[in-house]
Amino acid sequence: MKKKTFSFLGEILNENPLFVSSLGMCSALAITLTFENSLMMGLSVLFVLMGSNLIVSLISKWVAEEIRIPAFIVVIATFVTILELLMKTYVPSLFQALGIYLPLIVVNCIILGRALSFASKNKIKASILDGLKAGLGFTFALILLGTVREVLGNNQITFMDKISPLTGYIAKYQILPVNDIIPNKLFLSPAGAFITLGLLIGIIKAIRNRGGKDELN
Amino acid sequence: MNLISLLITSILTQNIILTKFLGICPFVGVSDDEESGLGMGLAVTLVITVSSILTYFIHHYILIPTNTEYLRTIVFILVIASLVQMIEIIMRRYFPRLHKLLGLYLPLITTNCAVLGVILLNVFNNYNLIQTIVFAFGSSIGFLLVIYIFSTIREKIRTNPIIKSFTDFPIALITAGIMALIFLRYIGG
């Protein structure tokens, strides 16, 4: 059992949709301004992924080959709409913060990718597990990117702010005393998003093939 | 005059790739050489402009009157999917040469976040019909411009030494970051 959990964790890192396959970059770059936003976006994608994988694995037998992509997209869009309605009702400030990137989950390549390559060919249980794996991997990647950007750009980590109407708490922590570090707003700008993600993917690639020599190409 | 500033901001300072991160997948994936970058860019321009106009009418004359605005995500993605299919059929029938150039990229466009993104931005910003057309056109010109510049930069990158781990995506993203810095300078002047 322990070995199984370990390999599950290993797969989350080794087959990470964002860092290894470079999928879903659109939302990854746009909403990773705070830890909270990143986590919530990750969980949203996780929810849609598991839901759509479940339905796709159920219906794929009856869907003709030619209309596969549109049919699966409608399934995904349905789950996104459910999520939109829930979020608009219970956490409107988070709904505002995610903006167009919440409906844009529909065209997130990870979700359609998993539906086409895995869920449409596998049983229900395996498909849900696959969705969980890809979703957790994506969430982990978003949190990492969001934390780096928020700490460097704003010298703080926001755990609960937009979701506070739901939890009743506001949790924001400053990382270093203000005088010690001047936060660089570059990391919160679009340019910083590209550069941070580029560096992170590069560093992770370097760690992954540390067995081989990292030389100039 | 507002329309002119809307056009210019949507091309430069509000560039959909560099400030809104829409259409990154084809941006780093397809734009390996100039020609395919241009082909993809042209196909996206066409789909963004036509689908923006179409969804404007659907949103204002079907969804709002029937109070079903919450269905917009599903409706918009269906409009894009069928439009892409239709354009492909028309193109294959009447413009075979154009189809040869763009045909490969058309199916990819359905899942291109730039198209759905621009349509959603039109709705979120409450643009009227003229503004919608200007914004959609400007955004797609911005897309075309950046993807073209980027493909030429990328050809230069390929011939230069780069640390092995940073080849492909990482260096593409860092390059895009530097490009974003340059484009954002237009805000401050």
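Residues numbered from 1 in each chain as written. Chains lettered and ligands numbered in written order. Predicted model: local features only at pLDDT ≥ 70, side-chain atom pairs only at ≥ 80, totals over all residues. Heavy atoms only, no water.

Trainee: Run through the overall build of chain B, naming residues and quoting values.
Mentor: A tally of regular secondary structure across chain B gives nine helices and zero strands. Counted from the first residue to the last, chain B has its helices and strands arranged as α-α-α-α-α-α-α-α-α. Taken over 189 residues, chain B has a buried fraction of 54%. Partitioning the intrachain contacts of chain B with sequence separation of at least 6 by distance along the chain shows that 78% fall at a separation of at least 24. Of the roughly 8900 Å² of accessible surface on chain B, 67% is carried by carbon and sulfur atoms. (Helix = DSSP H or I, 4+ residues; strand = E, 2+ residues; numbered from the N terminus. Buried < 20%, exposed > 50% of the residue type's maximum accessible area, 1.4 Å probe, protein only. Contact = heavy atoms within 4.5 Å. Areas by Shrake-Rupley, 256 points an atom, 1.4 Å probe, with all protein chains shown as cover.)

Trainee: Explain the overall build of chain A residue by residue, including any values.
Mentor: When helices and strands are counted, chain A shows nine helices and two strands. Beginning at the N terminus, the succession of helices and strands in chain A can be written as α-α-α-α-α-α-α-β-α-β-α. Relative to its length of 217 residues, chain A is compact, with a C-alpha radius of gyration of 19 Å against a globular reference of 17 Å. Each of the three principal axes of chain A carries a C-alpha extent, and together these read 65 × 50 × 35 Å. Looking at the 217 residues of chain A, the share that counts as buried comes to 47%. Considering only contacts in chain A between residues 6 or more positions apart, those separated by 24 or more positions represent 73%. Carbon and sulfur atoms make up 67% of the accessible area of chain A, which totals about 10600 Å². For chain A, the centre of its 19 positive side-chain charges and the centre of its 12 negative side-chain charges are spaced 7 Å apart. (Rg over C-alpha atoms; globule rule 2.2 N^0.38 Å. Lys, Arg positive; Asp, Glu negative; His and termini not counted. Charge placed at Lys NZ, Arg CZ, Asp CG, Glu CD.)

Trainee: Go over the interface of chain A and chain B, please, and point to the residues and values.
Mentor: Counting from both sides, the interface comprises 42 residues of chain A and, opposite them, 41 residues of chain B. There are zero salt bridges connecting chain A and chain B. On inspection of chain A and its partner chain B, the count reaches two residue pairs in polar contact (both at pLDDT 80 or more). Of all the secondary structure elements, the ones that give two or more residues to the side of chain A that touches chain B are α2 (25-31), α4 (68-90), α6 (109-117) and α9 (190-208) of chain A. (Salt bridge = Lys/Arg side-chain N within 4 Å of Asp/Glu carboxyl O. Polar contact = N/O pair within 3.5 Å; in protein donor to acceptor, adjacent residues only side chain to side chain.)

Trainee: Hey, could you go over the pattern of salt bridges for me, with residue numbers and the actual values?
Mentor: Residues and elements named next belong to chain A. Inspection of every chain in the model, using the stated rule, returns three salt bridges over all chains. Across the pair Arg68 and Glu65 runs a salt bridge, and its minimum N-O distance is 3.8 Å. Exposure remark for Arg68: the relative accessible area of 17% places this residue in the buried category.

Trainee: Quick rundown of α4 of chain A? Include the residues and the values.
Mentor: Taking 1.5 Å per residue as the helical rise, α4 of chain A with its 23 residues ought to reach 33 Å, and the 34 Å between its terminal C-alpha atoms agrees with that figure. Looking only at α4 of chain A, the buried set comprises Arg68, Phe72, Ile73, Val75, Ile76, Ala77, Phe79, Val80, Thr81, Leu83, Glu84 and Met87 of chain A. Residues of α4 of chain A that are buried make contact with α3 (35-59), α5 (92-98) and α6 of chain A together with α4 (72-94) of chain B. (Expected span 1.5 Å × (residues − 1).)

Trainee: Explain the packing of α4 of chain B against helix α7 (residues 113-124) of chain B to me, and be specific about the residues and the numbers.
Mentor: Residues and elements named next belong to chain B. Where α4 contacts α7, the axes come no closer than 10 Å and their chain directions differ by 135°. As the angle between them shows, α4 and α7 are arranged oblique. The element α4 and its partner α7 pack so that their crossing is right-handed. On α7, the residues that touch Arg72, Phe76, Ile77 and Ile80 of α4 are Val115, Leu116, Ile119, Leu120, Val123 and Phe124. (Axes fitted to C-alpha atoms, helices over the stretch in contact; angles between N-to-C directions. Parallel < 35°, antiparallel > 145°, perpendicular 65-115°, else oblique. Left-handed = near helix turned anticlockwise from the far one by under 90°.)

Trainee: An account of the nonpolar core is needed here, citing residue identities and associated values.
Mentor: When a protein is soluble and globular, its nonpolar side chains tend to lie buried together. Formed by 100 residues in total, the largest nonpolar core has its most connected members in Tyr101 and Leu104 of chain A. Those residues in contact with Tyr101 of chain A that lie beyond four places of it in its chain are Cys26, Ala30, Ile31 and Met41 of chain A together with Lys20, Phe21 and Leu22 of chain B. (Core = buried A, V, L, I, M, F, W, Y, C linked by side-chain atoms within 4.5 Å.)

Trainee: I'd like to hear about unusual backbone geometry, residue by residue, with values.
Mentor: Here the phi dihedral of Asn155 of chain A falls at roughly 55°; this positive angle occurs in a residue that is not glycine. Summarising the element assignment, Asn155 of chain A is placed in the loop between α7 (124-154) and β1 (156-160). Its relative accessible area of 3% is what places Asn155 of chain A among the buried residues. A positive phi is found at Asn67 of chain B, a non-glycine position, where the angle reads about 60°. Tracing the backbone shows Asn67 of chain B in the loop between α3 (34-63) and α4.

Trainee: Lay out the side chain of Asn15 of chain B with the relevant residues and their values.
Mentor: All names here are of chain B. The residue Asn15 is located in the loop between α1 (2-11) and α2 (24-29) in this model. For Asn15, a relative accessible area of 0% puts it in the buried group. A polar side-chain atom of Asn15 sits 3.0 Å from the main-chain carbonyl oxygen of Ile11. A polar contact is formed between the side chain of Asn15 and the backbone oxygen of Gly142, at a distance of 3.3 Å.

Trainee: Describe the environment of Phe166 of chain B, naming the residues involved and giving the relevant values.
Mentor: Looking at the element boundaries, Phe166 of chain B is found in the loop between α8 (129-158) and α9 (169-188). Under the relative-accessibility criterion, Phe166 of chain B is labelled buried at 17%. As a C-alpha pair, Phe166 of chain B and Val123 of chain B span 43 residues in sequence and 38 Å in three-dimensional space. Leave out the neighbours within four places in its chain, and Phe166 of chain B touches Gly198, Leu199, Gly202 and Ile203 of chain A together with Ile171 and Ile174 of chain B.

Trainee: With reference to specific residues and values, describe the packing of aromatic side chains.
Mentor: Residues and elements named next belong to chain B. Going through the model one piece at a time under the given rule, you end up with six aromatic pairs over all chains. Ring geometry for Phe57 against Tyr61: centres 6.0 Å apart, planes inclined by 25°, an arrangement best described as stacked. In this pair, Phe57 and Tyr61 are both assigned in helix α3, four residues apart and thus about one turn of the helix distant. The partly exposed category is assigned to Phe57, whose relative accessible area is 37%. In this structure Tyr61 comes out as exposed when scored by relative accessible area, which is 57%. Three or more aromatic residues joined by ring pairs make a cluster, and in this case those are Tyr56, Phe57 and Tyr61. One Lys or Arg, Arg93, reaches over the ring of Tyr94 and ends 5.2 Å from the middle of that ring. (Phe/Tyr/Trp six-rings, centres within 6.5 Å; stacked < 30°, edge-to-face > 60°. Lys NZ or Arg CZ within 6 Å of the ring centre and 35° of its normal.)

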